[in-house]
Amino acid sequence: MIVNDSELVKKAQQGDMHSFEELLHRHDKTVLNIAASFRYSEEDARDIYQEVFMRVYRGLKKFRFDSEFSTWLYRITTNVCISFHRKMKKHYADSLDREISYDGDESIRFSDTVKSDDSTDAKAVGSDLSSHINFALNKLPPQQKMAFTLKYMNGFKIREIAEMMECNEGTVKRYLFTAVNKMRNNLKYIIK
Amino acid sequence: MPVHIMEKKEFEEMLQLYFAGELSEREEIILMEYIDNSPDAGAEFEEMKKLFAALDNMKPAIDFDTVLSQSRAGLMRSIRQEKLKPGIFESLLDNLKHFQLSGYKLAASSAFTLALGLVIGYFIFNPSLSRIAENSRSDVISVDEILASGLNIGNIRYSDDLNGDNRITVAFETVKPYSYTGTYGDEAIQRLLAAVITRSDNPGLKIQTVNKLSKKVDENIIPDRAIKAALITSLKTDDNAGVRMAAFEALKKYPYDEELRDTYLYVLSHDDNSGLRVSAINALAGLRFEGIELDQKVKRELKQKTEVERNQFIKNVAESLLRGEEL
């Protein structure tokens, strides 16, 4: 007989570590997927995973079953990802349109270098496509990026994303539309 | 049927919802008819198709299974440390130490004076540390107090069985060198050894400790709760497969109970090292040889192994056990 999440949560709330581990193993792949798609580096994904489950461990006793355990868990995950993004913003400020300074005090936009180079080897661009996409993605504001990665990299429904991000579906749609338009604009010289 | 007329904004929204997989069947038909009848809409659709085809490239390039198992082990370590978290004064002291190192000279000397005052106050007012200091003067130590204080213990050495009386001396250093002698049945010795297994960063020392314990179990001196719990934690969370294997071998010598059953099942379903998974299933197979029936929980796990396990040996043994064959 498979024990449901609520039963495991109740046991874990009473200090049963086996139940906590069972919950962990049921849901941690999704958490890691969300973290990995949001941050890309293994180290960041590990840090996010750690922070999420430490919050769960510390907060489990206060969980009052107002929602599904998984909804609560993924809500924590999105919050941790977004605050992680803000914390690391400076580090990841690199974007497709950052200005590259040269010694002559002139600066050009990275996208202009791509645009002006019509002879760019299509293969080279293709092989580097994912890094361009990452640049463009990292340029999005955290909420838009979160909605975008949850939708297009993790396959959640708009309704589920709204629950996780604690906003209404209309807001999620707006995040997605804006994010897709920005991605499209930033990648227009790369994707032909 | 007349083609549905759309405003640009409505079309763009529907197009995005189409690629998001959020349109109903009827809405999809309406959108496709509109695209078929509008060259501009068709061009827009093709562009979006290219974008989403490119976005398929953006899957995160991480070694998922490795990161997952590392994250799980790291988390269990953090939870263990959380349970042994040092007091607020110790954290303050630690912060002050770092502050002192990074400031200017004047700030550093002020901070040093402040830190010194706090350290003195800390020793005076913190009952556990002051007791440790007091006890250390009289060469009587309380292992429990040292372990509970959260101080790092290092430079651990053993000398045991010199007189053949099953006594062991554990020498270690915290704020000063200590040594404690007792039998393997002594609770303080067990807690010290458990702390080495779970807290040490040195895999060699951990394996040495586990092997010592394992040898004692062979001699029918079975260390109890603290050691068993430490071995289980180590088996579930240690990064080093050698340490996990040593812990497994030691645990196998304990009398079989539900806790061991759950631990074997944990290894069987979660350890990424196939050698350990093989050991786990062999241990379960060995139980039948000892006349212990496999319960429903074990059978469920074995059934799952027959479906998802990649290692053919484990799969075969699981199938045989389920069929009730002797191995």
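Here the structure is shown first, and the text comes after it.
Residues numbered from 1 in each chain as written. Chains lettered and ligands numbered in written order. Predicted model: local features only at pLDDT ≥ 70, side-chain atom pairs only at ≥ 80, totals over all residues. Heavy atoms only, no water.

### Some words on unusual backbone geometry
Residue and element names in this part refer to chain A.
Then step 1. Within the chain, phenylalanine 65 stands out as a residue other than glycine whose phi angle is a positive 60°.
Then step 2. The exposure class assigned to phenylalanine 65 is partly exposed, which follows from its relative accessible area of 32%.
Then step 3. Phi at glutamate 166 takes a positive value of approximately 55°, unusual for a residue other than glycine.
Then step 4. By the secondary structure assignment, glutamate 166 is in the loop between α9 (158–165) and α10 (169–186).
Then step 5. When its relative accessible area of 54% is taken as the criterion, glutamate 166 is described as exposed. (Buried < 20%, exposed > 50% of the residue type's maximum accessible area, 1.4 Å probe, protein only. Helix = DSSP H or I, 4+ residues; strand = E, 2+ residues; numbered from the N terminus.)

### Describing the pattern of salt bridges
All names here are of chain B.
Then step 1. Taken as a whole, this structure holds 26 salt bridges over all chains when the rule is applied.
Then step 2. Between lysine 252 and glutamate 249 there is a salt bridge, and its shortest N-O distance comes to 3.4 Å. Of this pair, lysine 252 and glutamate 249 both sit in helix α12 (residues 241–252), three residues apart, which is roughly one turn of that helix.
Then step 3. Between glutamate 309 and arginine 277 there is a salt bridge, with its nearest N and O atoms 3.0 Å apart. Linking glutamate 309 in the loop between α15 (296–308) and α16 (312–323) with arginine 277 in helix α14 (residues 274–289), this pair joins segments that are 32 residues apart in sequence.
Then step 4. For arginine 277, a relative accessible area of 9% translates into the label buried.
Then step 5. Members of the salt-bridge network, linked through shared partners, are Arg261, Asp262, Asp295 and Lys297. (Salt bridge = Lys/Arg side-chain N within 4 Å of Asp/Glu carboxyl O.)

### Digging into the side chain of threonine 149 of chain A
Then step 1. Here threonine 149 of chain A shows up in helix α8 (residues 142–152).
Then step 2. If near-sequence neighbours (up to four positions away) are discounted, threonine 149 of chain A is found in contact with Ser37, Phe38, Leu137 and Asn154 of chain A. (Contact = heavy atoms within 4.5 Å.)

### A look at the packing of aromatic side chains
Then step 1. Inspection of the entire model under this criterion finds 16 aromatic pairs over all chains.
Then step 2. Relative to tyrosine 57 of chain A, the ring of phenylalanine 20 of chain A has its centre 5.6 Å away and its plane inclined at 75°; by these criteria the two rings are edge-to-face. Placement of the pair is phenylalanine 20 of chain A in helix α2 (residues 17–39) and tyrosine 57 of chain A in helix α3 (residues 42–59), with a sequence separation of 37 residues.
Then step 3. Of the residues examined, tyrosine 57 of chain A reaches a relative accessible area of 22% and is grouped as partly exposed.
Then step 4. Both rings, one in phenylalanine 148 of chain A and one in tyrosine 152 of chain A, keep their centres 5.0 Å apart while their planes meet at 55°; by these two values the pair is tilted. Taken as a pair, phenylalanine 148 of chain A and tyrosine 152 of chain A lie in helix α8 at a separation of four residues, close to a single helical turn. Pair check on accessibility: phenylalanine 148 of chain A and tyrosine 152 of chain A agree, each one buried.
Then step 5. Three or more aromatic residues joined by ring pairs make a cluster, and in this case those are Phe148 and Tyr152 of chain A together with Tyr18, Phe19, Phe45 and Phe52 of chain B.
Then step 6. The ring of phenylalanine 38 of chain A carries lysine 145 of chain A above its face, with NZ or CZ at 4.4 Å from the centroid.
Then step 7. A cation over an aromatic ring shows up here: lysine 236 of chain B above the ring of tyrosine 266 of chain B, its NZ or CZ 4.9 Å from the ring centre. (Phe/Tyr/Trp six-rings, centres within 6.5 Å; stacked < 30°, edge-to-face > 60°. Lys NZ or Arg CZ within 6 Å of the ring centre and 35° of its normal.)

### So, the interface of chain B and chain A
Then step 1. Chain B puts 39 residues into the contact, and the matching count from chain A is 44 residues.
Then step 2. Between chain B and chain A the total buried area reaches about 4000 Å² when both faces are included, carbon and sulfur atoms providing 66% of it.
Then step 3. Counting the contacts that link chain B with chain A gives five salt bridges.
Then step 4. A salt bridge links aspartate 28 of chain A to arginine 72 of chain B; the shortest N-O distance between them is 2.6 Å.
Then step 5. Summed over the shared surface of chain B and chain A, the result is 17 residue pairs in polar contact (both at pLDDT 80 or more).
Then step 6. For the side of chain B that touches chain A, the secondary structure elements donating two or more residues are α1 (8–19), α3 (39–55), α4 (64–83) and α13 (258–270) of chain B.
Then step 7. When residues in the side of chain B that touches chain A are grouped by element, the largest group, 13 residues, is from α4 of chain B.
Then step 8. Considering only residue class, the side of chain B that touches chain A consists of 18 nonpolar, eight polar and 13 charged. (Buried area = accessible area lost by both parts, 1.4 Å probe. Polar contact = N/O pair within 3.5 Å; in protein donor to acceptor, adjacent residues only side chain to side chain. Nonpolar A, V, L, I, M, F, W, Y, C, P; charged D, E, K, R; others polar.)

### So, the pairing of strand β3 (residues 177–183) of chain B
All names here are of chain B.
Then step 1. On β3, burial follows the alternation: Tyr178, Tyr180 and Gly182 on one face are buried, whereas Pro177, Ser179, Thr181 and Thr183 on the facing-out side are not.
Then step 2. Summarising the sheet, strand β2 (residues 167–173) and β3 pair through seven bridges and their orientation is antiparallel. Bridge pairing links isoleucine 168 to glycine 182 in β3. (Pairing = 2+ DSSP bridges.)

### Comments concerning the packing of α3 of chain A against α4 of chain B
Then step 1. For the pair α3 of chain A and α4 of chain B, interaxial distance at closest approach is 9 Å and the crossing angle is 40°. Here α4 of chain B runs oblique to α3 of chain A, going by the angle between their axes. Between α3 of chain A and α4 of chain B lies a crossing whose hand is right-handed. Where α3 of chain A approaches α4 of chain B, its residues Glu42, Arg46, Tyr49, Gln50, Phe53, Met54, Tyr57 and Arg58 of chain A are matched on the opposing element by Val67, Leu68, Gln70, Ser71, Arg72, Gly74, Leu75, Ser78, Ile79, Glu82 and Lys83 of chain B.
Then step 2. By residue class, the composition of the contact of α3 of chain A with α4 of chain B is eight nonpolar, five polar and six charged. (Axes fitted to C-alpha atoms, helices over the stretch in contact; angles between N-to-C directions. Parallel < 35°, antiparallel > 145°, perpendicular 65-115°, else oblique. Left-handed = near helix turned anticlockwise from the far one by under 90°.)

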